Amino acid sequence: MKSRTDHQGLSALFPNELSDLISQEPLFRGRQLFTWLAGGTFKFEEMKNLPTALRRTLIDRYGETACTSKVVKQQTDTDGTVKLLLKLYDGLFVESVLLTDEEGRRTACLSSQVGCAMGCTFCRTAELGLERNLTASEIVEQFYHLTEIAGQPSHIVFMGMGEPLANIYETARSIEIFHFSEGLNISARRITLSTCGIPEGIRFLAESFSVPIRLAVSLTSADNDLRTSLMPINRKAPLPELHESLLYYQNIRKKRITLEYVLLDGVNDSETACRQLVQFAKGLECVVNVIPWNPGAGLPYNEPTRDSTERFCSCLEHAGLRVTRRYRRGRGISGACGQLAGSGTSPHHIQPVMQTNE
Ligand code: SF4
């Protein structure tokens with residue numbers, strides 16, 4: 001068997017790559033192995049059409065299961081939101097959430113990194129800093145863990161812990177696996193990548209990425225100075241540069257972009273803020289997703305009232321923008337946007353936190 005770092009896992013490999021991995025076997029064995037994994041069977045012993053000797057070899061190499069992570073805690077909210085805490089091969093933790101909306105969409109909210117380096121001031125993940133990038137397998141496995149516990153998600157959004165464009169190659173590989181027609185075959189329209197706004201990553205998605213997924217950008221303010229104070233990425237990539245990259249993306253991909261706007265009481269919810277957002281949206285084919293901030297312990301913000309949220313949304317709508325509101329789901333288990341927090345046991349992650357990009 002060819003050498004491969006075991007912790008990289010097998011679930012983000014295509015059939016031909018699995019065949020390479022077991023190159024002493026006939027080519028079709030790779031496809032058989034892929035089919036088991038894509039169907040959610042990770043225990044080698046259960047892969048009945050693989051010869052016993054091959055199963056033993058795989059077990060010797062990878063252990064009983066091809067899965068590199070395991071669920072150590074699961075919680076379900078009264079609104080049906082399911083949150084999982086996963087322990088990774090090296091003892092670190094991430095969380096994944098399954099949200100079910102009124103229309104019955106079941107969205108897997110996946111993490112792309114352990115922690116995050118982006119430092120957004122309204123986000124609890126920022127407090128962790130960046131521990132490491134997730135491997136593509138670790139991203140894919142989140143989907144399978146959610147499927148096993150709560151049923152298969154219909155949609156995927158990269159809006160969990162971490163900035164997916166800061167881990168672009170592993171994230172892109174996981175998306176290719178999700179979309180692969182011989183595997184899960186999830187439509188690109190059902191996969192959304194949510195970013196804090198990294199122009200070179202947005203250009204990569206526009207120019208070089210084969211899967212035409214949806215793009216969401218966490219804006220949070222269309223005032224350059226305020227955005228810099230809320231989202232340090234804005235110092236490196238100020239609003240004009242971000243806007244330019246979005247136009248570029250749109251010209252190539254011809255797809256509507258979602259602008260996510262976390263509404264912070266008294267910070268970015270004024271009429272002026274609304275006008276600035278309308279100005280930023282000019283020229284973009286976009287929808288604005290307004291997300292009332294979910295309280296996170298110790299963060300210096302207040303949750304907007306429903307009235308002020310509606311006022312802000314109406315202001316945008318009067319200016320002709322398409323607006324969606326994302327009211328809370330999963331709050332009973334701290335699984336809502338912006339407040340995901342698990343209970344891992346690593347000293348550094350006494351309370352590992354997952355906030356959203358957006
Ligand atoms: S909001 Fe997203 S990009 Fe910003 S610190 Fe949190 S996880 Fe990172």
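These numbers come from a predicted model, not from an experiment.

K.L.:
Quick question: what am I supposed to make of helix α4 (residues 136–150) here?
P.N.:
With 15 residues, α4 should cover 21 Å at 1.5 Å per step; its first-to-last C-alpha distance of 21 Å lies within 8% of that length. The element α4 is extensively covered by neighbouring structure, given that 12 of its 15 residues are classed as buried. Those residues of α4 not exposed but buried are Ala136, Ser137, Glu138, Ile139, Val140, Glu141, Gln142, Phe143, Tyr144, His145, Leu146 and Ala150. Where α4 is buried, its residues touch β1 (70–76), β2 (82–87), β3 (93–100), β4 (106–110), β7 (155–158) and α5 (168–179). Of the residues trailing α4, Gly151 is marked for its positive phi of about 95°.

K.L.:
Before we go on, may I ask you to explain the packing of helix α6 (residues 199–207) against helix α9 (residues 239–253) in this structure?
P.N.:
Each pair of packed helices can be described by the angle between their axes along with the distance between the axes. For the pair α6 and α9, interaxial distance at closest approach is 9 Å and the crossing angle is 5°. In terms of orientation, α6 lies roughly parallel with respect to α9. Residue-level contacts link Pro199, Ile202, Arg203, Leu205, Ala206 and Glu207 of α6 to Glu241, Leu242, Ser245, Leu246, Tyr248, Tyr249, Ile252 and Arg253 of α9. When the residues that make up the contact of α6 with α9 are grouped by side-chain class, the tally is nine nonpolar, one polar and four charged.

K.L.:
Help me understand the environment of Glu200, please; the structure alone is not making it clear to me.
P.N.:
Tracing the backbone shows Glu200 in helix α6. Residues Glu200 and Leu165 lie 35 residues apart in sequence; the distance between their C-alpha atoms is 8.8 Å.

K.L.:
Help me out: how do you make sense of the pairing of strand β11 (residues 286–292) in this one?
P.N.:
Looking down a regular strand, the side chains alternate between one sheet face and the other. Taken across its seven residues, β11 has six buried, putting it largely inside the fold. In this view, the connection linking strand β10 (residues 257–263) to its parallel neighbour β11 by way of helix α10 (residues 271–281) has right-handed handedness. One ladder, built from four bridges, connects β11 with strand β12 (residues 322–325); its direction is parallel. Residue Val288 lies in a different strand from β12, and its bridge partner there is Val323.

K.L.:
What exactly am I supposed to notice about unusual backbone geometry here?
P.N.:
Among all residues except glycine, the phi angle is most often negative; among peptide bonds, the trans geometry is most common. Of note, the phi angle at Asn185 is positive, near 55°, even though the residue is not glycine. The topology assignment puts Asn185 in the loop between α5 and β8 (191–195). We classify Asn185 as exposed; it has 10 C-beta atoms within 10 Å. One non-glycine residue, Lys254, adopts positive backbone phi at about 55°.

K.L.:
Any chance you could explain the environment of Ile168 here in plain terms?
P.N.:
Structurally, Ile168 is set in helix α5. A tally of 21 C-beta atoms within 10 Å means that Ile168 is categorised as buried. Among all residues touching Ile168, those that are not within four sequence positions of it are Gly201 and Phe204.

K.L.:
Is there a simple way to explain the nonpolar core in this structure?
P.N.:
For soluble globular proteins, the rule of thumb is that nonpolar side chains tend to be buried together. Counting 94 residues, the largest nonpolar core has Tyr261 and Leu277 as its most contacted members. When residues of this core are assigned to their parent elements, the largest contribution, seven residues, is made by α4. The two domains that each donate at least three residues to this core are domain 1 (6–62) and domain 2 (70–354). The contact partners of Tyr261, leaving out residues within four places of it in the chain, are Leu219, Thr220, Leu277, Val288, Asn289, Val290 and Ile291.

K.L.:
Explanation requested: the packing of α10 against helix α11 (residues 306–318) in the structure shown.
P.N.:
Contact pair α10 / α11: the axes reach a minimum separation of 10 Å and the direction vectors enclose 40°. Taken together, the axes of α10 and α11 lie oblique to each other. Viewed along their axes, α10 and α11 form a crossing whose handedness is right-handed. Packed against α10, whose contacting residues are Glu271, Cys274, Leu277 and Val278, the element α11 presents Phe312, Cys315 and Leu316 at the interface. Residues belonging to the contact of α10 with α11 are distributed by class as follows: six nonpolar, no polar and one charged.

K.L.:
Before we go on, may I ask you to explain the environment of Ser69 in this structure?
P.N.:
Locating Ser69 in the fold gives a position in the loop between α3 (52–62) and β1. The class for Ser69 is buried, based on 25 C-beta atoms found within 10 Å. In sequence terms Ser69 and Phe93 are 24 residues apart; their C-alpha atoms lie 9.2 Å from each other. Sequence-distant contacts of Ser69, that is, excluding residues within four places in its chain, are made with Leu86, Lys87, Leu88, Tyr89, Glu138 and Glu141.

K.L.:
Is there a simple way to think about the sheet that holds β12 in this case?
P.N.:
Pairing in this open sheet of 10 strands is mixed, and the strands run β1-β2-β3-β4-β7-β8-β9-β10-β11-β12 from one edge to the other. The two strands at the open ends of the sheet, each matched to only one other strand, are β1 and β12. Here the strands of the sheet are splayed against their neighbours by 20° on average, with no regard to which way each runs. Note: β2 against β3, six bridges, orientation antiparallel. By the bridge assignment, Leu85 is partnered in β3 with Glu95. Lying over the sheet, α4 contacts β1, β2, β3, β4 and β7, oriented at roughly 130° with respect to β2.

Calculation rules
- Residues numbered from 1 in each chain as written.
- Predicted model: local features only at pLDDT ≥ 70, side-chain atom pairs only at ≥ 80, totals over all residues.
- Helix = DSSP H or I, 4+ residues; strand = E, 2+ residues; numbered from the N terminus.
- Expected span 1.5 Å × (residues − 1).
- Buried ≥ 20, exposed ≤ 12 C-beta atoms within 10 Å, placed from the backbone.
- Contact = placed C-beta atoms within 7 Å.
- Axes fitted to C-alpha atoms, helices over the stretch in contact; angles between N-to-C directions.
- Parallel < 35°, antiparallel > 145°, perpendicular 65-115°, else oblique.
- Nonpolar A, V, L, I, M, F, W, Y, C, P; charged D, E, K, R; others polar.
- Right-handed = clockwise from strand over helix to strand, strands pointing away.
- Pairing = 2+ DSSP bridges.
- Core = buried A, V, L, I, M, F, W, Y, C linked by C-beta atoms within 7 Å.
- Domains from an automatic or database assignment.
- Left-handed = near helix turned anticlockwise from the far one by under 90°.

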